[in-house]
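# Report on the structure
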Amino acid sequence: MELRIFTEPQQGAGYDTLLTVAKATEDLGFDAFFRSDHYLHMGDVDGLPGPTDAWITLAGLARETKRIRLGTLMTAATFRLPGVLAIQVAQVDRMSGGRVELGLGAGWYEEEHRAYGIPFPKEKFARLEEQLAIVTGLWGTEAGKTFSYEGEYYRLTDSPALPKPAQAKVPVLIGGHGATRTPRLAGTYADEFNMPFSSVEDTERQFGRVRAAAEAAGRAADDLVYSNALVVCVGKDDAEVARRAAAIGREVDELKENGLAGSPAEVVDKIGRYAAVGSSRVYLQMLDLSDLDHLELIASQVQSQLS
């Protein structure tokens, strides 16, 4: 089981904070540092000092880290044109020496689109499908040849399909709860399927749908990595768990029900339940980025038991 660190910087974190957490992620032996792609805070926080752009952040981290994988859960298709996104991700991949992964989703948070003047189209899922076809098509075009695409929303004519990423294949992540279209897209385009903030039972059902969709697309179901994203709140004792829950504005019982919360032993046990239904990777949503002791505890007493 791989553990990855997943941050939500729109809630209030500048680049220096993210760099500190990313370096701790690397030093403590975690597999990857991922971040959300949002421009507006959520809930009862001020979001100061203000939003950071996901791919600008990852470009900086690409030059200041050496080992960890870097990526998004999930880049919003509404934020970028697919040709531009393919260039951005390929460039950051080259800057990192081939450590980048692209999580791509349809986009859902209408308020942030209004706040920053970003169009919020009614039909987002079909646009996502075209973006996946274009981004993967551009990267997969043989050097020296061109790529063209004629869709309902995007049209590319004789693109040189450059630059190429450092990796032969940048892993593409698709996630979500949808019962039909999401599994179909994952089965067609994804290298990894991520089930966010879901129970073990819901995870098992959705993994089954994705596996069936992959096979329907002519792929082996095991060609994909299956993963979860879950909020994490670990403490050496009940008092420390309660303190960490209060710091992120959550209740301990709710966190234990809907995330990974409690003692290291409790968290290891619950991760094992996700592993039993096919998950091999967990993205730990860290909501208090000032609490590096939390990362150290997870590394020493949770990750060490899963290695």
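Going by the structure above, here's the rest.
Here is a short report on the structure shown in this document. Counting from 1, residues in each chain are numbered in the order their sequence is written. With pLDDT at 70 or above as the cut-off, local features in this predicted model cover only qualifying residues; side-chain atom pairs require 80 or more to be listed or tallied, and sums for whole chains, interfaces and linings still use all residues. The side-chain values count all of the structure's non-hydrogen atoms but skip hydrogen atoms and water molecules.

## Points about the packing of helix α5 (residues 125-140) against helix α6 (residues 181-189)
Note the cut-off: Convention adopted: a line fitted to C-alpha atoms gives each axis, helices being fitted over their contacting stretch, and angles between N-to-C directions are expressed from 0 to 180 degrees. We count a stretch as a helix when DSSP gives it H or I for four or more residues in a row; a strand needs E for two or more, and each element gets its number in order from the N terminus. Throughout this description, any angle smaller than 35 degrees is read as roughly parallel, any larger than 145 degrees as roughly antiparallel, any in the 65 to 115 degree range as roughly perpendicular, and the remainder as oblique. Note on contacts: a residue pair qualifies if any of its non-hydrogen atoms lie within 4.5 Å across the two residues. Under the scheme applied, nonpolar residues are Ala, Val, Leu, Ile, Met, Phe, Trp, Tyr, Cys and Pro; charged residues are Asp, Glu, Lys and Arg; polar residues are all the others, including Gly.
Relative orientation of the contacting elements α5 and α6 amounts to 5°, with a least axis distance of 11 Å. Considering the angle they form, α5 stands roughly parallel to α6. Side by side, α5 and α6 meet where Phe 125, Leu 128, Glu 129, Leu 132, Ala 133 and Thr 136 of the first sit next to Arg 181, Thr 182, Arg 184, Leu 185 and Tyr 189 of the second. By residue class, the composition of the contact of α5 with α6 is six nonpolar, two polar and three charged.

## Overview of empty space enclosed by the protein
For clarity, the threshold we go by: Definitions used for this entry: grid spacing 1 Å over protein atoms alone; cavity, a set of points where a 1.4 Å probe fits but cannot get out; pocket, an open set with protein on both sides within 12 Å along at least 5 of 7 lines; lining residue, one with an atom within 4 Å of a point. Grid points are joined across faces, edges and corners, and a volume is the space filled by probe spheres set on the points.
Evaluated as defined, the whole model comprises one cavity of 30 Å³ or more. Empty space within the largest cavity amounts to approximately 70 Å³. Contributing to the lining of the largest cavity are Val 231, Val 232, Cys 233, Arg 244, Ala 247, Ile 248, Gln 285, Leu 287, Asp 288, Asp 291 and His 294. Those elements that provide at least two residues to the lining of the largest cavity are β10 (225-234) and α8 (238-247). Looking at the lining of the largest cavity residue by residue, the classes come out as six nonpolar, two polar and three charged.

## Here we look at the pattern of salt bridges
Where we set the bar: Salt bridges are counted wherever a side-chain nitrogen of Lys or Arg sits within 4 Å of a carboxyl oxygen of Asp or Glu. When a residue's accessible area, from a 1.4 Å probe over protein chains only, is under 20% of the maximum for its type it is buried; when over 50% it is exposed; and in between it is partly exposed.
Enumeration over the complete set of coordinates arrives at 20 salt bridges. A salt bridge links Asp 202 to Arg 205; the shortest N-O distance between them is 2.2 Å. Of this pair, Asp 202 and Arg 205 both sit in helix α7 (residues 200-216), three residues apart, which is roughly one turn of the helix. Under the relative-accessibility criterion, Asp 202 is labelled partly exposed at 34%. The class of Arg 205 is partly exposed, set by a relative accessible area of 47%. Lys 236 is paired through a salt bridge with Glu 240; the nearest N and O atoms lie 2.8 Å apart. Within the structure, one salt-bridge network assembled from shared partners comprises Lys 236, Glu 240, Arg 243, Arg 244 and Asp 291.

## Things to note about the side chain of Glu 112
This is how the line gets drawn: His is not counted here, nor are the chain ends, while Lys and Arg score as positive and Asp and Glu score as negative. N or O atoms closer than or at 3.5 Å make up a polar contact, with two conditions inside protein: a donor-capable atom paired with an acceptor-capable one, and, for residues adjacent in sequence, both atoms drawn from side chains.
Summarising the element assignment, Glu 112 is placed in helix α4 (residues 110-116). Here Glu 112 is buried and forms no salt bridge, its nearest opposite-charge partner Arg 35 lying at an N-O distance of 8.7 Å. In this structure the side chain of Glu 112 is engaged in a polar contact, spanning 2.7 Å, whose partner is the backbone nitrogen of Tyr 39. Look past the residues within four positions of Glu 112 in its chain and what remains in contact with it is His 38, Tyr 39, Leu 40 and Phe 79.

## Side note on unusual backbone geometry
Of the consecutive residues Leu 48 and Pro 49, the connecting peptide bond is found in the cis state with omega at 10°. Its location among the elements puts Pro 49 in the loop between β2 (32-35) and α2 (54-64). The omega torsion across Leu 162 and Pro 163 is 0°, close enough to zero to call that bond cis. Checked against the element boundaries, Pro 163 lands in the loop between β7 (155-159) and β8 (172-175). Positive phi is not limited to glycine here, since Ala 161 has a value of about 55°. Locating Ala 161 in the fold gives a position in the loop between β7 and β8. Not every positive phi belongs to a glycine, and Phe 197 is a case in point at roughly 50°. With respect to the helices and strands, Phe 197 occurs in the loop between β9 (192-196) and α7. For Phe 197, a relative accessible area of 40% corresponds to the partly exposed category.

## Focus: helix α3 (residues 82-96)
Using the following cut-off: Here the expected span of a helix is defined as 1.5 Å times the quantity of residues minus one. Arc definition: directions from the helix axis to the C-beta atoms.
Between the first and last C-alpha of α3 there are 21 Å, a value that for 15 residues agrees with the 21 Å anticipated at 1.5 Å per step. Taken together, the buried positions of α3 are Pro 82, Leu 85, Ala 86, Val 89, Ala 90, Val 92, Asp 93 and Ser 96. One side of α3 holds all its buried residues, which, seen down the axis, span an arc of 165°. As for α3, its buried residues are in contact with α2, β4 (75-76), β5 (100-105) and α5.

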